[in-house]
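# Structural features, examined
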Amino acid sequence: MPAKRPPVPLSRERIIDAALHIADGQGLRRLTMRRLGDALQVEAMAIYHHLPRGKEALMDALAEHVTAIQVEPSGRDWPEVARAWARAGRAALLEHPGVLALALTKPPKGMALAAIARQVEHLREAGLPDPAGAVRTLRAYMFGSVAVEVQRSGWADPDATVEHARVESGDEDFERGLDAVLAGLARPGGM
């Protein structure tokens, strides 16, 4: 008889990964603590040890995970820095469309808030006069653009058989809009 593998210890990271898998595969409505416990092969109550506030803490953690973008822009001018952050944000959201609604509605906390502060600092260092305003504008554009792309893809339709939240013209559409946002930020007084 083969030896049994020891169980993989439950951790916050494992919980978030499993929850993302459920949300991306079945939608956020299907993400329950019981279903998550089944996916992790633990009793649902075991999850509360890592997320004491339960489902609310899980939703916060998922939004934070997807929006806590880490970017080290190689460009020195602010438009390239802004592009790097916007592209990274779009990629993260499109990778996990199941939690897009959370990313749009949950206020940034923890690592997501720290990432926003780094983005502001990077833009300030690159010479942008109003980096905080620019970050608000860029985030609004990025979130809106991704929401439209997910909607156009049909991914969120429960009757659709679409696997990816991307559309064929998504990259081109995003870049064209990003060019317009950056041109507006470059004008005296910004957008």
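Residues numbered from 1 in each chain as written. Predicted model: local features only at pLDDT ≥ 70, side-chain atom pairs only at ≥ 80, totals over all residues. Heavy atoms only, no water.

With that settled, consider the pattern of salt bridges. Opposite charge on two side chains permits them to pair, given that their charged atoms come into close proximity. Counting across every chain of the model gives 14 salt bridges. A salt bridge links Lys-109 to Asp-60; the nearest nitrogen and oxygen atoms lie 3.1 Å apart. In this pair, Lys-109 is assigned in the loop between helix 6 (100–105) and helix 7 (110–125) and Asp-60 in helix 4 (residues 55–67), connecting sequence segments 49 residues apart. The buried category is assigned to Asp-60, whose relative accessible area is 10%. One salt-bridge network, held together by shared partners, links Arg-53, Glu-56, Asp-60, Lys-106 and Lys-109. (Salt bridge = Lys/Arg side-chain N within 4 Å of Asp/Glu carboxyl O. Helix = DSSP H or I, 4+ residues; strand = E, 2+ residues; numbered from the N terminus. Buried < 20%, exposed > 50% of the residue type's maximum accessible area, 1.4 Å probe, protein only.)

Leu-36, Leu-58, Leu-62 and Leu-123 are the most contacted members of the largest nonpolar core, which has 55 residues in total. Elements that contribute at least two residues to this core include exactly helix 1 (12–26), helix 2 (33–40), helix 4, helix 5 (78–95), helix 6, helix 7, helix 8 (131–153) and helix 9 (170–186). When residues in this core are grouped by element, the largest group, 8 residues, is from helix 8. Apart from the residues lying within four places of it in its own chain, the contact partners of Leu-62 are Ile-16, Ala-19, Leu-20, Leu-31, Val-99 and Leu-102. (Core = buried A, V, L, I, M, F, W, Y, C linked by side-chain atoms within 4.5 Å. Contact = heavy atoms within 4.5 Å.)

Turning our attention to the environment of Ala-92. As for its position among the elements, Ala-92 is in helix 5. Residue Ala-92 is classed as buried on the basis of its relative accessible area, which comes to 19%. Expressed as a C-alpha distance, the spacing of Ala-92 and His-65, which sit 27 residues apart in the sequence, is 9.2 Å.

Turning to unusual backbone geometry, a few remarks are in order. One non-glycine residue, Gln-41, lies in positive phi territory at about 60°. Looking at where Gln-41 falls in the secondary structure, it is placed in the loop between helix 2 and helix 3 (44–47). Judged by its relative accessible area of 74%, Gln-41 is exposed.

Running from N to C, helix 7 and helix 8 point in directions that differ by 120°, and their axes come no closer than 9 Å. As the angle between them shows, helix 7 and helix 8 are arranged oblique. Viewed along their axes, helix 7 and helix 8 form a crossing whose handedness is right-handed. Every residue of helix 8 that contacts helix 7 at Ile-116, Gln-119, Val-120, Leu-123 and Arg-124 is listed here: Pro-131, Ala-132, Ala-134, Val-135, Leu-138 and Arg-139. A per-class count over the contact of helix 7 with helix 8 returns 8 nonpolar, 1 polar and 2 charged. (Axes fitted to C-alpha atoms, helices over the stretch in contact; angles between N-to-C directions. Parallel < 35°, antiparallel > 145°, perpendicular 65-115°, else oblique. Left-handed = near helix turned anticlockwise from the far one by under 90°. Nonpolar A, V, L, I, M, F, W, Y, C, P; charged D, E, K, R; others polar.)

Tracing the backbone through its elements, the reader meets Ala-46 in helix 3. Residue classification places Ala-46 among the partly exposed positions, given a relative accessible area of 31%. Note: C-alpha distance between Ala-46 and Asp-17 (29 residues apart in sequence) is 16 Å.

Quick look at the environment of Tyr-141 now. Here Tyr-141 is to be found in helix 8. Spatially, the C-alpha atoms of Tyr-141 and Ser-74 are 22 Å apart, while their sequence positions differ by 67 residues.

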